Structures are given as structure tokens and as C-alpha cells.
Amino acid sequence: MSAEPTALDGSTPSPAPSNERRRVLVTGLGTFWGGRVAQALEDDPNVEVIVGLDTTEPTVELERTEYVRVDANYSILSRIVRATEVDTIIHTFLAVDPTQMSTRAMHEINVIGTMNLFAAASAPASTVRNVIVKSSTMIYGCAPEDPVWFTEDTPRSRPSRAPIERSLEAVEGYVRDFAEDNPHVNVALLRFSNVIGSELETPLTRLLSLPVVPSMFGYDPRFQFVHEHDVIRSILYAFDHDLPGVFNVAGDGLLPWSEVAALCGKRTIALPPWGTSLLTSPFRTLGIADVPDEYHGLLKYGRGVDNSRLKHYGFRYEYTSSEAIEGFIRSSRLRRTVGDSEPKYKYERDVEQFFRHSPAVHRD
Amino acid sequence: MAPPPKRSVSRARPTPERRRARQAVEAARNGSTARTATIDPPTPDEQAFGGSVGTDLVPLGRGSDPDVLDDRRLSDVNEWGRSEHMREIARRIYDPVYRHWFRAEWEGLEHIPTDGGALLVANHAGAIPSDAPVIMHGIETELERPVYGLADNLFRTLPMIGTIWNRLGGLPAHPDNAYRLLREQHQLVLVFPEGSKGPAKTYDERYQLRRFGRGGFVEIAMRAGVPVIPIAVVGAEESMPTLFRIPSVAKALGLPYVPLTANMLVGGPLGVVSYFPAKFKLKVLEPVHFDVPPGQERYSRSRVMDESEAIRDHIQSALYEMLQVRRSVWFG
């Protein structure tokens, strides 16, 4: 644990784990999370090497991160870990959006990918000393028996049935086993609440972008949000301070779904609380609107998580739940008027290779 | 703080994203300065995987008063789902019922603190219990402080009713909810330890208290370090007395009980939702303080059960006393 205040000062030695410059492996480089984390790490002089893995190319501009294309379940991972001698793995490649892929593909990415990742990290000669895993508060499920706030230790009220929740449970099971078997490795498991902000697209932001926002008749649950900026900050905070254990990451406060819709300037349309899937599936098939089955419970009972443990470790949120929504509203207003304002970055392998490795490029 | 050494990379093109990411790093670092100055985080040993940290709750910064909302909000629904605005409307509608129908009369209101957390515990009766709204309305109008009522999760599953119940200060009875309200936010919490066994009993069993659950309310009060304030309520039993229970229908509907009430016989369908004008008398008893350290994971089971039983006996004997001096069900 880096507790010395001097660690922040560039002139004094860094805290214990950062004495040598760190070598970091980021999974899911092509996702919003992985890309942003890698970008931020590039600016950190204590980070010597950043290796990013993904099945798809990065979507953000990176200067010194080395991108390696892998298959979804990371079969070559142990070779990469051995060859690069990384000391930290930031595992952001976990699918938490059930609408974007089949259950099969999600299983490959989440369960098999994590299994291979930890197999590589716990190999006999492994140099890995820190692991940060991104998970989701979806793991707590959603049931009428739930408390208003879940702490990191509150068990779920009902066994999980949704494939996404079961796959997250399997992932967290691997994380726990790994942490138990490798006491010398510092493991941080961050459970993120509903992420919202100006860039990220999630099932909830898609619902809020519809002309009318679906809700459940007679229910008005309270939702909690975390701003994407705080998400990246929390991952970096866990990286800098070697946070141990499980942490909820969510903004302060809960607000009713009807109010969330109203803040976005939308009306709500009530779905029947019974037989909802029957009604929503034609819309999904036609591609008009997708209210995933996993979110039906959430639209009835909502979910709140207690964020005090992360605060206790010194992390300060910049956005409350309602402030996080504000960021989303601003960007969706802008998008409505001018479309995607910033040109999308396109990864070009040859160009990247040239700038990084050609002797013609001047580097110091 | 010294700026991080500048790297010069040949094609550094600052874009908005890059700036944001950089700010993120700096903000995260700055956050840590604040931390080292203020709190000492638990050591990794204290907080490893599977370690017990559930009770290691710290007071919340801005979240500690549930009614402090930020100005971006459009409604006043707080984090528990309670809305003071809705509560105000409900008070206006309910006040004539409270004053002229039930003619509620309090004794010993001074035992309820005007600030600080306390767990209110009362007997529970009436097919659709009329005691919860009377107690909540009474305390909110007399003491001008909110009361959160803990009730069965069943409420939450009912469309419309569940939402209204929640806006009026109702919450699912989960120990974590009670703990946070009492310990961190110093609120008044009302709970009926009999649960649904109280309202389910028939008229011939009136004012016979049922088992007080497993004493969970005592444990919560001990953990939260707040007193238990027992309240004896007379009148609710007669406002909607149950003549029979119909277990087969209850089972089919998945409800804890389905009553046939005297109100239904008298008023037909209207009787399902209307009360007899029984006179309400409420007596607040001496607060019970527990001299145990708060915040423990577990408390002695025998101690918890003894305290729970003592509180139950106390309410039971207060009820007998009140019934001894009651001349009429309707006029008190």
C-alpha cells in the first residue's frame, strides 16, 4: 500500500510497488474502457511498457501502447505475459452489455478469457504482482428482497438466472480463487454501477436515447449512475494505490427512473409489468428498440450500491448520479444537432509501426 | 506537486480525449494527496478477499442527510424513495382521517427524541394494518421529523401501490436499510416485529401479541447504537377485524394471508378498503437503551432474545392496562 505522501512528489522515490517502472498489460484495448485507461497510463512516467490486447483494433489514439490482436479467449496469453514480463494486468475486457452479443460469445469473452488470463498470471515464473479486474454491479442481481444499498459483502437475494449475471459470477469466482492461491499478488475487483457519460453506449443510454423512454407500469425504481470519467479515474486510482479487495464504484445518490427520463427531456411509455418479454421481443427483432430481459427487473426494483469503501480508501468522486446524467444529456444534445462532432479515430497498423519503430522517426 | 517530466514524442497531437485522460491521471493523483492528509485506510490485511468488512461502514459525506439533494434534480424523491412533497399531500388528505375518524390520542410522545436515530417498535393489527399510517402521520405532524416505515417486500412487488408506499416513506424491511438509516443518517425508523403474523390474526385473538420474529430489531438497534422505543397501539384491531382467514385463496395468490373482515360484511366491496371508526390510543413507552458497543458483527443470541422478549412483554402489559381503562371501542 502506497501510503507515503511523498510518493506524489516527482523528486522523491516512488512508493514500494512503483520503485521500478511498471509494465502493464491492458485487456480490451479496443473497448472504451481499455482504450481510455491505456491513454491515461501513457502519460504516467512510472509506466514503462503498456501492452494492449483485444480482438478488435483500438478506437482511440495511442502513442506508445503496443497493440496485440488476440482471439476472444486469449489462448496465447501466457506467451505474452512471459515474453513481456508485465507486473500489472488491468482486465477490462469483460462484456457487460448482453444486447451486443450472443450468450455463447459472452461466455467465451468473460469466462474463458478470464480463465486463460489467470492461468497465464499464475504460471510458475509469472511476474504479475497486481491485477485489476473490471466487473459490474449486475452481479448483485435485482429482486424485491434487495436492500436499497448493496455493500461489497451483501449476498444476492435470489440466485442468478440471466446469462450475463452467471458469467460475471463465474468471472468473480476465478478472481477470488486467483487471489486466494496467489497471496503475493494484489487483486482489486471493481464493480461498476450503470456507467453513463458523453461517449459510452450502454443498454440504458440506448433506452434514454429513444423518442419515448420505456418504463414499467406502476413502478418507478431508483437508479444509480457513475460517470465514465470517474470510471477511468477509479481504475487508475486502483492502479496507483494497489487497492486490495472488492470495491463498488458508483456515484452518490439514487434517482427515480421517471426523473432520469425527465432530465433527458423525454416522456416515458409504460410497459406491462407482466409478460414484458412478449411485448418487447418484436421490437427487438425489428431493431426499433431493445429492452433487454436483464433490465426488466431493474426497471421494477432498481439497484443501489454503497460506494463508501472506495471513498474510505481516499477516492473522491467528481460526479454524483445526477451530475453523471447531466454529462450524458449535454453530449446527446450536441449529437442531436451536429452528429458525431469528433472524427472517429481509425487504427492503421502500418502507420503505427512506422511511427514507433522506424529509424527515420526522431525520438528521444 | 512537481509536474511529471515531459516526454517528447514526435507525434504528440493533443486532442480533447488526450487532455481529458491526462486530467484524469492528475485528478486521481490529487485525490491521493487528500487521502493521505485525512484518513488512514485500513491495511490490506484488514481488507483482503473474503475478509469481513461489512460492518466497517464510515459516515457518508454528503449522503448522510438523505434530504440534501443537488440542484440538478427535478423531484424531491430522496435516495430511499421518500418524497417530502408526496408526503405533504398525503398528510393533507390523511389528516381528517387521523383527527376525525380515528381521533388518535398520544401519550408519552416526549419519549421520542427530536433528533438522533431511534427504532420505533409497535404492535401490528387490522387486516390492512391501520396502525402504520397513524403512527407515521402522528409523529410527522407532532414532532415534524420524517419516519421511515419498514414493511414486507411484498409491497414493493405491487405496481402503483408499491411506488406510492415507497414515496410515502415505506421501505423493504432489510437489516441493511435499517442500519444505514439509524446509524448513518440518524432517522426514525418504524418496524413491526410481529411482521404479517400480527395483522393475520383473527378478531378473537385481538391484542395478543405474536412472536417478535427472531429479535432482529434488537440486534439492529444494538449494532446501530440507538434506543428501541416501544409503542402500544389500541384501536387498530377494531378498525378492520378479521373474522376468518381463507388459506386456500392466500396460497393461490401467493399472499401471506387473505382475510374475510367484518368491514366486508358491513360495507361489501367498499369494506375491503374502509375502516371502522375505532378510537385510537397510542402510548409511547420508556426508551430501551442497550449498553453494548455498537458496530459489532454479532451480539449474544440469548441477550438479543431476552431483550426482545422483555420489549414484547412491556408492550403486552401496556396494552392490557390501556384496555382495562377503555370504556368503549368507539369512544375510548
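Treat the numbers as computed from the prediction; the structure is a model and nothing was measured.

In terms of helices and strands, chain A carries 12 helices and 13 strands. Since a compact globule built from 364 residues should have a radius of gyration of about 21 Å, the 21 Å found for chain A is in line with a globular shape. Each principal axis of the C-alpha distribution contributes one length, and for chain A these read about 60 × 45 × 40 Å. Classification of the 364 residues of chain A by burial places 49% in the buried group.

Here we come to the overall build of chain B. Of regular secondary structure, chain B possesses 12 helices and 9 strands. Out of the 332 residues belonging to chain B, those deemed buried represent 39%. For chain B, restricting intrachain contacts to residue pairs at least 6 apart in sequence, the fraction spanning at least 24 positions comes to 74%.

All names here are of chain A. Most of strand β11 (residues 245–249) is tucked away, with 5 of its 5 residues classed as buried. Pairing of strand β6 (residues 186–192) with β11, which is carried by 5 bridges, proceeds in the parallel orientation. Its bridge partner lying in β11, Leu190 is registered against Phe247.

Attention shifts here to the sheet that holds strand β1 (residues 105–107) of chain B. Residue and element names in this part refer to chain B. On the basis of which strands lie adjacent, the open sheet formed by 7 strands has the order β1-β9-β6-β2-β5-β3-β4 and mixed pairing. The open sheet has two free edges, formed respectively by β1 and β4 (170–172), since each of these has just one partner strand. Neighbour to neighbour, the strand axes of the sheet diverge by 25° on average, direction disregarded. One ladder, built from 4 bridges, connects strand β2 (residues 118–122) with strand β5 (residues 188–191); its direction is parallel.

A word on the nonpolar core. A general tendency of soluble globular proteins is for nonpolar side chains to be buried together. Core analysis: the biggest nonpolar cluster contains 156 residues, and B:Leu119, B:Val189, B:Leu190 and B:Ile231 have the highest contact counts within it. For B:Ile231, the residues in contact, after removing those within four places along its chain, are B:Leu120, B:Val121, B:Ala122, B:Ile135, B:Leu282, B:Lys283, B:Val284 and B:Leu285.

In this section: helix α6 (residues 228–241) of chain A. With 14 residues, α6(A) extends 20 Å from end C-alpha to end C-alpha; this agrees with the ideal 20 Å at 1.5 Å per step. Once α6(A) ends, the next one or two residues include A:Asp242, with phi positive near 45°.

What follows concerns the sheet that holds β6(A). All names here are of chain A. Strands sit in the order β3-β2-β1-β4-β5-β6-β11 across an open sheet of 7 strands; the sheet is parallel. In this open sheet, the two edge strands, each paired with only one partner strand, are β3 (66–69) and β11. Taken over all neighbouring pairs, the strand axes of this sheet differ in orientation by 20° on average, direction set aside. Bridge count for strand β1 (residues 22–27) against strand β2 (residues 47–54) is 6 bridges, and the pairing is parallel. Directly across from Val24, in β2, lies its bridge partner Ile50. α6 contacts β4 (88–91), β5 (130–136), β6 and β11 of the sheet and is inclined by roughly 165° relative to β6.

Moving on: the environment of A:Val111. As for its placement among the helices and strands, A:Val111 is situated in helix α3 (residues 103–121). Sequence-wise, A:Val111 and A:Leu254 are 143 residues apart; in three dimensions their C-alpha atoms are separated by 31 Å.

All names here are of chain B. Mean pLDDT over chain B works out to 83, with 80% of the residues at or above the 70 mark. Taken together, the stretch residues 1–18 has pLDDT below 50 and engages in 23 contacts with residues farther than four places along the chain or on a different chain. Below pLDDT 50 for its whole length, residues 50–63 participates in 20 contacts with residues either more than four positions away or in separate chains. With a pTM of 0.83, the predicted complex shows an ipTM of 0.82.

The subject of this paragraph is the environment of B:His100. Residue and element names in this part refer to chain B. Its location among the elements puts His100 in helix α2 (residues 84–101). Classification of His100 as exposed rests on a count of 9 C-beta atoms within 10 Å. Taking the C-alpha atoms as reference points, His100 and Lys279, separated by 179 residues in sequence, lie 9.7 Å from one another.

Let's shift gears to the packing of helix α6 (residues 175–184) of chain B against helix α8 (residues 216–224) of chain B. Two measures define how a pair of helices packs: the angle their axes make with one another and the distance between the axes. All names here are of chain B. Packing of α6 against α8 leaves a shortest axis separation of 9 Å and a crossing angle of 35°. The two elements α6 and α8 cross, and the hand of that crossing is right-handed. On α8, the residues touching Pro175, Ala178, Tyr179, Leu182 and Arg183 of α6 are Gly216, Ile220, Arg223 and Ala224. Across the contact of α6 with α8, the residue classes tally to 6 nonpolar, 1 polar and 2 charged.

To continue, consider the packing of α3(A) against helix α4 (residues 163–181) of chain A. Residue and element names in this part refer to chain A. Taken N-terminus to C-terminus, the directions of α3 and α4 make an angle of 5°; their axes are 9 Å apart at the nearest point. Between α3 and α4, the crossing angle belongs to the class labelled roughly parallel. In this structure, α3 uses Thr103, Met106, His107, Asn110, Val111, Thr114, Met115, Phe118 and Ala121 to contact α4, whose residues at the interface are Pro163, Ile164, Ser167, Leu168, Ala170, Val171, Tyr174 and Phe178. Residue classes in the contact of α3 with α4 are distributed as 12 nonpolar, 5 polar and no charged.

This next bit is on unusual backbone geometry. The phi angle at A:Glu85 is positive, at roughly 50°, despite the residue not being glycine. By the secondary structure assignment, A:Glu85 is in the loop between α2 (77–84) and β4. For A:Glu85, a count of 12 C-beta atoms within 10 Å translates into the label exposed. In this model, B:Met160 sits at a positive phi of 65°, which is unusual for a non-glycine residue. Within the secondary structure layout, B:Met160 lies in the loop between α4 (154–157) and α5 (161–167). For B:Met160, a count of 12 C-beta atoms within 10 Å puts it in the exposed group.

Another point: the environment of A:Thr137. Residues and elements named next belong to chain A. For Thr137, the location among the structural elements is in the loop between β5 and α4. For the pair Thr137 and Gly304, spaced 167 residues apart in the sequence, the C-alpha separation amounts to 8.8 Å. Beyond its immediate chain neighbours, meaning those up to four positions away, Thr137 contacts Arg191, Phe192, Ser193, Asn248, Ala250, Arg303 and Val305.

All names here are of chain A. In this model, chain A carries a mean pLDDT of 86, and residues with pLDDT of at least 70 account for 93%. When mean pLDDT is compared element by element in chain A, β11 scores highest at 96, while helix α12 (residues 349–357) scores lowest at 80. Between residues 1–18, whose pLDDT stays under 50, and residues either more than four places distant or in other chains, the model counts 34 contacts.

Reading the values: rules and limits
Residues numbered from 1 in each chain as written. Chains lettered and ligands numbered in written order. Predicted model: local features only at pLDDT ≥ 70, side-chain atom pairs only at ≥ 80, totals over all residues. Helix = DSSP H or I, 4+ residues; strand = E, 2+ residues; numbered from the N terminus. Rg over C-alpha atoms; globule rule 2.2 N^0.38 Å. Buried ≥ 20, exposed ≤ 12 C-beta atoms within 10 Å, placed from the backbone. Contact = placed C-beta atoms within 7 Å. Pairing = 2+ DSSP bridges. Axes fitted to C-alpha atoms, helices over the stretch in contact; angles between N-to-C directions. Core = buried A, V, L, I, M, F, W, Y, C linked by C-beta atoms within 7 Å. Expected span 1.5 Å × (residues − 1). pLDDT = per-residue confidence, 0-100. Left-handed = near helix turned anticlockwise from the far one by under 90°. Nonpolar A, V, L, I, M, F, W, Y, C, P; charged D, E, K, R; others polar. Parallel < 35°, antiparallel > 145°, perpendicular 65-115°, else oblique.

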